[in-house]
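Each chain, written out:
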Amino acid sequence: MRRLMLVASLLCLASRVEAEDTPAGAPIRVSIQCERLGRTKACPAFLTGIVDENKVLLSSPRAVADVVIYATANEVALLDRVHLRFVGQMAGTPAPVEIDVELDTRTTDDVQRATLTPAFLRGIALFVATRHPGAVSVALTVPDAMATTKAPTSPWGLVLGLAGNASYTAKYRTAGTQLYLIGRYLRRNVRAFALQSLSASLNRQPPLKLEDGTLIALDSEQWKYRGGAEAIYSWCDRWSIGVGSYTFFEDPKAQYAYNSRNRVAIEWDRFPADDPRGNRLGVFYHVGWIVERYNIRNELGERFAQYPSHGIDAVGSVRSDRISYGLNLASDVQVDHPRRRLLLTASPFMTIQIGNHIDLNLTFSITQRTFPAPDPAAIDPSDFEQLSRLSYAEPLSVNGSIGLTFHLDPTNGVRNDRLESI
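Cut-off values and rules
- Residues numbered from 1 in each chain as written.
- Predicted model: local features only at pLDDT ≥ 70, side-chain atom pairs only at ≥ 80, totals over all residues.
- Heavy atoms only, no water.
- Axes fitted to C-alpha atoms, helices over the stretch in contact; angles between N-to-C directions.
- Helix = DSSP H or I, 4+ residues; strand = E, 2+ residues; numbered from the N terminus.
- Left-handed = near helix turned anticlockwise from the far one by under 90°.
- Contact = heavy atoms within 4.5 Å.
- Nonpolar A, V, L, I, M, F, W, Y, C, P; charged D, E, K, R; others polar.
- Pairing = 2+ DSSP bridges.
- Buried < 20%, exposed > 50% of the residue type's maximum accessible area, 1.4 Å probe, protein only.
- Polar contact = N/O pair within 3.5 Å; in protein donor to acceptor, adjacent residues only side chain to side chain.
- 1 Å grid on protein atoms, 1.4 Å probe; cavity = no way out; pocket = protein on both sides within 12 Å on 5 of 7 lines; lining within 4 Å.
- Points joined across faces, edges and corners; volume = space filled by probe spheres on them.

1. Details of the packing of helix H2 (residues 42-53) against helix H3 (residues 109-131)
Right, on to step 1. Closest axis-to-axis distance for the H2/H3 pair is 10 Å, and the angle between their directions is 65°. Crossing hand, H2 versus H3: right-handed. Side by side, H2 and H3 meet where Ala-42, Phe-46, Leu-47, Gly-49, Ile-50, Val-51 and Glu-53 of the first sit next to Asp-109, Gln-112, Arg-113, Leu-116, Thr-117, Phe-120 and Leu-121 of the second.
Right, on to step 2. Broken down by class, the residue content of the contact of H2 with H3 amounts to eight nonpolar, three polar and three charged.

Written as structure tokens, this is what we have:
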């Protein structure tokens with residue numbers, strides 16, 4: 001631990017010394033940080049290219065940058081709304097500057113760059129002028145049309161997806177497929193969503209032979225169909241109400257023959273739906289009715305159950321330049337028998353940029369569930385496929401990871417992408 005603290009101190013000291021020794025005639029060192037990529041090459045390719053084209057600017061790692069640009073791309077129909085946040089890290093710079101620019105994802109790279117460049121230059125000019133006032137000139141012109149006209153738009157959207165995979169050897173063969181159809185309706189205060197999906201897979205491999213000569217088949221077939229719809233109405237930026245219904249059917253070896261969930265929910269949100277930096281923080285309460293049929297009789301002797309349920313869920317993801325953190329909470333409790341069926345899940349995550357040379361990444365997920373377990377007498381001990389899919393009966397599931405990255409990056413602003421995959 002003492003060695004770790006010594007390395008961190010040396011890295012931070014090196015960054016501080018380099019920043020203090022910056023000559024007055026030095027270019028403005030710019031670091032591009034992509035928070036959400038979107039569908040275009042705006043970040044990092046286009047933004048880095050604009051930096052390289054202007055000799056008063058120099059691409060730099062975050063540790064020694066004079067200006068850090070955080071770029072977030074939010075998808076809006078066929079557009080990527082790119083939010084640029086310019087944060088100065090040298091003396092005398094203005095407060096952070098935020099600029100939005102919309103890029104048409106269906107146009108060419110040249111058109112997208114031509115749209116992005118003026119917005120970038122408007123933001124960076126304030127910081128360049130801090131060190132090199134003579135390098136910035138400002139001109140105001142009258143556009144050809146003062147009144148803008150909007151192209152026809154539609155709130156309707158449709159997505160059809162199909163995927164497949166397969167592998168083959170003489171003794172081992174697998175195949176899988178996924179098919180889904182999604183319909184969307186989207187307005188400022190109304191969102192509707194409909195889903196139909198089907199997934200299936202099969203596995204063929206030699207059977208397991210026991211000492212007494214008994215053969216246990218290891219082949220498996222899995223499939224799942226899911227369908228449903230939901231609708232949400234927001235009467236302000238803080239409050240929304242919604243209703244949804246989803247049903248799925250599974251193969252005979254799975255937990256459910258079918259499961260239907262119907263819920264009504266009300267949600268409070270901290271940020272508006274179109275927050276430019278992509279922040280999300282909401283808490284909602286839901287109440288509904290669940291109908292289930294099981295493939296295996298449970299310990300209560302049930303093959304079928306229906307019951308009221310409710311719970312409180314939360315979802316959040318917030319970014320503040322050097323730190324991003326998020327949390328997903330989910331709960332589902334049987335109203336009339338809270339101890340019979342109970343599901344609690346917490347999944348927090350955090351990314352922290354510690355100083356200029358150290359990044360810390362933390363993720364964690366824990367699920368606690370209580371429900372009637374499968375009746376041991378209803379389980380076939382020779383059915384390998386059935387036994388291998390009983391993990392849903394485990395009451396506790398925990399996953400976590402931690403990562404620490406130390407980096408000391410080149411500061412000459414040069415890019416070289418040759419033989420990256422060697």
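Okay, back to it.
2. Things to note about the sheet that holds strand E17 (residues 342-354)
Right, on to step 1. Within the open sheet, the twelve strands sit side by side as E6-E7-E8-E11-E12-E13-E14-E15-E16-E17-E18-E19. Their pairing is antiparallel. Each edge of the sheet is formed by a strand with only one pairing partner; in this case those strands are strand E6 (156-168) and strand E19 (396-406). Direction aside, neighbouring strands of the sheet carry axes that sit 10° apart on average.
Right, on to step 2. Alignment of strand E16 (residues 323-334) against E17, held across eleven bridges, turns out to be antiparallel. Looking across to E17, one finds that Gly-326 is bridged to Phe-349.

3. Some details on the side chain of Ser-59
Right, on to step 1. Here Ser-59 is to be found in strand E2 (residues 57-59).
Right, on to step 2. Residue class for Ser-59 comes out buried when judged on its relative accessible area of 14%.
Right, on to step 3. A polar contact is formed between the side chain of Ser-59 and the side chain of Asp-52, at a distance of 3.2 Å.
Right, on to step 4. Those residues in contact with Ser-59 that sit more than four places away from it in its chain are Val-30, Thr-48, Val-51, Asp-52, Asn-412 and Gly-413.

4. A short note on empty space enclosed by the protein
Right, on to step 1. Tallied over the entire structure, the rule returns one cavity of 30 Å³ or more.
Right, on to step 2. Approximately 40 Å³ is the volume attributed to the largest cavity.
Right, on to step 3. Contributing to the lining of the largest cavity are Arg-36, Leu-37, Thr-40, Ala-42, Cys-43, Leu-47, Ala-71, Ala-73 and Val-82.
Right, on to step 4. Here the lining of the largest cavity takes three residues from H2, the largest share from any one element.
Right, on to step 5. Broken down by class, the residue content of the lining of the largest cavity amounts to seven nonpolar, one polar and one charged.

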